[in-house]
Amino acid sequence: MSFFAKFEALCASLIERAFAKSFPSDLEPAQIARKLVATMEAQTRDDDGRLRAPGSYAVYVSPADYDRLSEHQAYLERAWANLLRDLAAKVGVAFEEGKARVAMSARESVPLGAIEIETGSRPRATKFRLLTVEGVPPGAVYKVEGTSRIGRSDENDIVLNDPSISRTHAAVEISGGGAMLRDLDSTNGTFLNGRRIRAEALRDGDELQLGNTRLRFEAQ
């Protein structure tokens, strides 16, 4: 049996077992799983006789689909990554970063019911920070680790003295060497590089705007 035929045969049974009974309607994790498998298959290459696939997969869905699936996000991301790992092991594919990682987030430009997947194998950062570009206090630097909540209230990890910011406005979540910005139902919204977002992965140099405050995200 060819490499591609093995993928097809294994994919159907593993996806059915992992997702079909739990999520029987709408945009389903099984659909996302199939697209992840197709992406891994399409980007698997022969590296001196050894098959290698990307290790990082960013899944983007519409905000409405994200809201529906986000309750199960941690479970789904683990299940998708395990599916890719199991398939890779059965057909002899190695991941560029040693193992598969999957992160789901919302993207305003993705239509309802659609899926976009981006891959990457860039070095994973170990330190993260936010720098105040515009706001009070000017030039402030905030270390970011774990889940850092941002807002006007003193109970937040990062407190911004800006009346246009909600008491608990947004959060930056660090996981597996990557970062995600998440709006926490703020009144005036959270913006990433000029676009209003609900949740989206962060990259080095991205600019966040919360109310009248602008912050630059830096990964090291």
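Look up a bit, the structure's there.
This text gives an overview of the structure that appears in the document. (Residues numbered from 1 in each chain as written. Predicted model: local features only at pLDDT ≥ 70, side-chain atom pairs only at ≥ 80, totals over all residues. Heavy atoms only, no water.)

Observations regarding the overall build of the protein
The test is simple: Strands are runs of DSSP state E lasting at least two residues, helices are runs of H or I lasting at least four, and both sets are numbered from the N terminus onward. Each residue is placed in one exposure class: buried if its accessible area under a 1.4 Å probe, protein chains only, is under 20% of its type's maximum, exposed if it is over 50%, and partly exposed if it falls in between. What makes two residues a contact is simply this: any of their non-hydrogen atoms within 4.5 Å. Exposure was quantified through the Shrake-Rupley algorithm and a 1.4 Å probe, taking into account, for residues, occlusion by the shown protein chains and nothing else.
Across its full length, the protein holds four helices and 17 strands. Relative to its 220 residues, the protein shows a buried fraction of 46%. Taking contacts inside the protein between residues at least 6 apart in sequence as the whole, the part at least 24 apart equals 60%. Summed over its atoms, the accessible surface of the protein is roughly 11,200 Å², and 47% of this surface lies on carbon and sulfur atoms.

Notes on helix α4 (residues 73-91)
Since there are 3.6 residues in each turn of an α-helix, residues three or four apart along the chain are aligned in direction. The cut-off we apply is this: A helix is expected to span 1.5 Å multiplied by its residue count minus one.
For α4, which comprises 19 residues, the first-to-last C-alpha distance of 27 Å matches the rise-based estimate of 27 Å (1.5 Å per residue) to within 8%. If you check which residues of α4 are buried, you get Gln 73, Leu 76, Glu 77, Ala 79, Trp 80, Ala 81, Leu 83, Leu 84, Leu 87, Ala 88 and Val 91.

What to know about the side chain of Ser 153
Mapped onto the secondary structure, Ser 153 falls in the loop between β9 (147-151) and β10 (158-159). Once you skip the residues sitting within four places of it in the chain, Ser 153 turns out to touch Val 159 and Arg 167.

Digging into unusual backbone geometry
At the junction of Val 136 and Pro 137, the peptide bond is cis and its omega measures out at -5° in the coordinates. Note on placement: Pro 137 falls in the loop between β7 (128-134) and β8 (141-144). The backbone phi angle of Asp 185 is positive, close to 55°, even though this residue is not glycine. Mapped onto the elements, Asp 185 comes out in the loop between β12 (178-183) and β13 (190-192). Even without glycine at this site, Asn 193 takes up a positive phi of about 50°. Position of Asn 193 relative to the elements: it lies in the loop between β13 and β14 (195-197).

Topic: the nonpolar core
Convention followed: The criterion is simple. A nonpolar core is a set of buried Ala, Val, Leu, Ile, Met, Phe, Trp, Tyr and Cys residues joined through side-chain atoms within 4.5 Å.
Residues Leu 36, Tyr 57, Val 59 and Leu 84 are the most contacted members of the largest nonpolar core, which totals 29 residues. Top element by residues in this core is α4. It accounts for eight residues. Those residues in contact with Leu 84 that sit more than four places away from it in its chain are Leu 36, Val 37, Met 40, Tyr 57, Phe 95, Ala 100 and Val 102. Ranked by size, the runner-up nonpolar core spans 20 residues in total, among them Tyr 142, Ile 150, Ala 179 and Leu 215.

Here we look at the layout of surface pockets
Applicable threshold: Cavities and pockets were defined on a 1 Å grid built from protein atoms only: a cavity is a group of points that admits a 1.4 Å probe but offers it no way out, a pocket is an open group of points flanked by protein on both sides within 12 Å along at least five of seven lines, and a lining residue is one with an atom within 4 Å of any such point. Grid points are joined across faces, edges and corners, and a volume is the space filled by probe spheres set on the points. For this scheme, ten residues count as nonpolar: Ala, Val, Leu, Ile, Met, Phe, Trp, Tyr, Cys and Pro. Four count as charged, namely Asp, Glu, Lys and Arg, and the remainder, Gly too, count as polar.
Space inside the second largest pocket adds up to approximately 160 Å³. Lining the second largest pocket are Tyr 66, Asp 67, Ser 70, Arg 182, Asp 183, Leu 184, Asp 185 and Arg 198. Secondary-structure elements contributing two or more residues to the lining of the second largest pocket are α3 (63-69) and β12. Its residues assigned to classes, the lining of the second largest pocket shows two nonpolar, one polar and five charged.

Honestly, it's all geometry; don't read function into it.
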